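Each chain is listed here by its residues.
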Amino acid sequence: MAAAADGLGSIAIDTTQLNMSVTDPTAWATAMNNLGMVPVGLAGQQLVTGFDPGLSMMTGITPLNPMIPSMGVVPPPPTDVPVVKEIIHCKSCTLFPPNPNLPPPSTRERPPGCKTVFVGGLPENATEEIIQEVFEQCGDITAIRKSKKNFCHIRFAEEFMVDKAIYLSGYRMRLGSSTDKKDSGRLHVDFAQARDDFYEWECKQRMLAREERHRRKMEEDRLRPPSPPAIMHYSEHEATLLAEKLKDDSKFSEAITVLLTWIERGEVNRRSANQFYSMVQSANSHVRRLMNEKATHEQEMEQAKESFKNALTGILTQFEQIVAVFNASTRQKAWDHFSKAQRKNIDIWRKHSEELRNAHSEQLMGIRREEEMEMSDDDSSDNPTKKLRVDESALTAQAYALKEENDSLRWQLDAYRNEVELLKQEKGQLFRTEESLTKDQQLQFLQQTMQGMQQQLLSIQEELNSKKSELEQAKEEQTHTQARLKVLQEQLKSAKELAEINGHDESQANEINVLTVALVNQEREKNSEKRSQGLKSEKEALLIGIISTFLHVHPFGANIEYLWSYMQQLDSRISANEIEMLLMRLPRMFKQEFTGVGATLEKRWKFCAFEGIKTT
């Protein structure tokens, strides 16, 4: 047994037996950490700094003890030294290592939280006690499920024990000293996927997630700014306490916040207006204190500016002295005794000192210019204000007393006014205010404007009706004229037919034509007389005179567009249709002619009043 213990103590883990690349430092470190050993690199260097051998990969797992009976583990040797697995002796069996020249046994991907291994290739005569004797050296076994087909599943207490069991994969197992085939077999150990392992792993992950959420929540609570204090509701008692706090300088900031919240909530009403006014008055009394504090801070700032200016002046003086030393060193009397390297350094130092001196000098000049500008602003102010500033300190007490008295009287007056208004509201004797009067005046003004607009609308409607009636009359006259023309044409045709039948000569036909023309002219004269009766307005007479003059100077006539463009300059409201209707109503003064052929056909109006006089 001692020899067996020595043999187990010299077992080393071969990197080729693990299902991972030995060149991957992360995988190697994980496997070594699971085994409870210090992770080392391929060349022997440590991969994880600060490794604690008392800790394993997961919290709550007992680390591997290298002094376990019959199962010693030594650190992996360097990669250049070949690893040789040795024989493992047990009470009921012996384990023989595999051929080192054969490839390592393959394993499946490791499931998360794996604590169960599959063991295949067991001897037929192997019992559960023998299996437990072999694998309990890897760690505490919680369950063994053996099958009749020479394999079993072993569940360990911790995950790192599975790595030790995987190490035994490839060993040949022989029961006792028997050479029977049923008493020997080659072991194949692989990861097994069990629902219990996965459930425990999920529970552990959920626990870690809860811990992480709790940690983050604690961190957020720690970093969250404190919530503002709750503000109490308004009451007369709380208002009295708040008024006392407003008078205290140390509690003013807290009290003014409460006052602002109450006002924004709408707590001010007729009953509480006086109390709120007194609190606002107390808040106003702190303005002078704040102004005095500001003046004190401004005085401290001026003193700090003065001390800074004095310090800057001293620094500038020292810079001037340093630059003077460099200038004296560059003179020929001393310059010739320095070496070339020394001259170069002195020149660099001199230039750097001059740059710094100029920068500080510009800064000091800027400060002086600002002071001069402030002094000029003070000089430009009026003398009475200066005197008031000087006398203000002497009259502060008297002015403050008068102000307090004035405020108290005003407060009493406001209280009386509020009481009077409350009494008026109770009795129902309210008078019209200035706002109601202004609203009535605005309403009356709007009513007047509405009446004016209605009158304008009525006048426009009347003009529109008159225009419509004139248009209807013109249409009726046109239809009457067309009907008369048709009658005359029929009479002319009948007269021609009678002349042909009776055998009259051409002279009689000409007489008939003359008669028909005379009838047409008489009809036109009647229509013109009827139309001329409508020229009653002065505006139409004026338009006729202007159009007659315009057409008289245009002997060849003018179209209606040209005539309308001329009349548009005199009256912008006149339209071309209105001018054309006026010309058609006076056929004895204006006549319409067509000039041109085809696309150049144009309709022109001419002045013919003088021709009518000559014919008559």
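Residues numbered from 1 in each chain as written. Predicted model: local features only at pLDDT ≥ 70, side-chain atom pairs only at ≥ 80, totals over all residues. Heavy atoms only, no water.

A. Just the overall build of the chain, in detail. Across its full length, the chain carries 18 helices and 10 strands. A burial count over the chain gives 24% of its 616 residues as buried. Within the chain, contacts between residues at least 6 apart in sequence are counted, and of these 63% link residues at least 24 apart. Only carbon and sulfur atoms are counted for the fraction: they give 55% of the accessible area of the chain, which is about 43800 Å². (Helix = DSSP H or I, 4+ residues; strand = E, 2+ residues; numbered from the N terminus. Buried < 20%, exposed > 50% of the residue type's maximum accessible area, 1.4 Å probe, protein only. Contact = heavy atoms within 4.5 Å. Areas by Shrake-Rupley, 256 points an atom, 1.4 Å probe, with all protein chains shown as cover.)

B. Examining the sheet that holds strand E6 (residues 172–175) more closely. Pairing in this open sheet of 4 strands is antiparallel, and the strands run E1-E2-E6-E7 from one edge to the other. For this open sheet the edge positions go to strand E1 (88–89) and strand E7 (184–186), each flanked by a neighbour on one side alone. Both strand E2 (residues 93–96) and E6 contribute to a ladder of 4 bridges, which runs antiparallel. For Cys-93, the partnering residue across the bridge sits in E6 and is Leu-175. (Pairing = 2+ DSSP bridges.)

C. Main features of the sheet that holds strand E5 (residues 151–156). Strand order in the open sheet formed by 4 strands is E4-E5-E3-E8, with antiparallel pairing between adjacent strands. Strands with a single pairing partner mark the edges of an open sheet, and in this sheet they are strand E4 (141–146) and strand E8 (188–191). Averaged over all neighbouring strand pairs, the angle between strand axes comes to 20°, with direction disregarded. In this sheet, E8 lies alongside strand E3 (residues 116–120) in antiparallel orientation, the contact comprising 4 bridges. Bridge pairing links Val-119 to Val-189 in E8. Relative to the sheet, helix H3 (residues 128–135) contacts E3, E4, E5 and E8, its axis offset from that of E4 by approximately 140°. (Axes fitted to C-alpha atoms, helices over the stretch in contact; angles between N-to-C directions.)

D. Local environment of the packing of helix H7 (residues 252–265) against helix H8 (residues 273–284). Put simply, H7 and H8 touch, their axes get as near as 11 Å, and they point 140° apart. The angle between the axes of H7 and H8 places the two elements in the oblique class. Both H7 and H8 take part in a crossing whose hand is left-handed. Along its contact with H7, which presents Phe-252, Ile-256, Leu-259, Trp-262 and Ile-263, the element H8 presents Phe-276, Met-279, Val-280 and Ala-283. When its residues are assigned to classes, the contact of H7 with H8 shows 9 nonpolar, no polar and no charged. (Parallel < 35°, antiparallel > 145°, perpendicular 65-115°, else oblique. Left-handed = near helix turned anticlockwise from the far one by under 90°. Nonpolar A, V, L, I, M, F, W, Y, C, P; charged D, E, K, R; others polar.)

E. A nonpolar patch on the surface, seen in detail. Together, Ile-263, Val-268 and Val-280 give the surface a local cluster of nonpolar side chains, amounting to about 220 Å² of exposed area. Summarising the element assignment, Val-268 is placed in the loop between H7 and H8. (Patch = residues over 30% accessible without salt bridge, like charges linked within 9 Å, V, L, I, M, F, W, Y side chains within 5 Å. Salt bridge = Lys/Arg side-chain N within 4 Å of Asp/Glu carboxyl O.)

F. Examining the nonpolar core more closely. One finds Val-119, Phe-135, Ile-154, Phe-156, Leu-168 and Met-173 to be the most contacted residues of the largest nonpolar core, which totals 31 residues. For this core, the elements supplying multiple residues, two or more each, are E2, E3, H3, E4, E5, helix H4 (160–167), E6 and E8. Of the residues forming this core, the biggest block, 6 residues, is contributed by H4. (Core = buried A, V, L, I, M, F, W, Y, C linked by side-chain atoms within 4.5 Å.)

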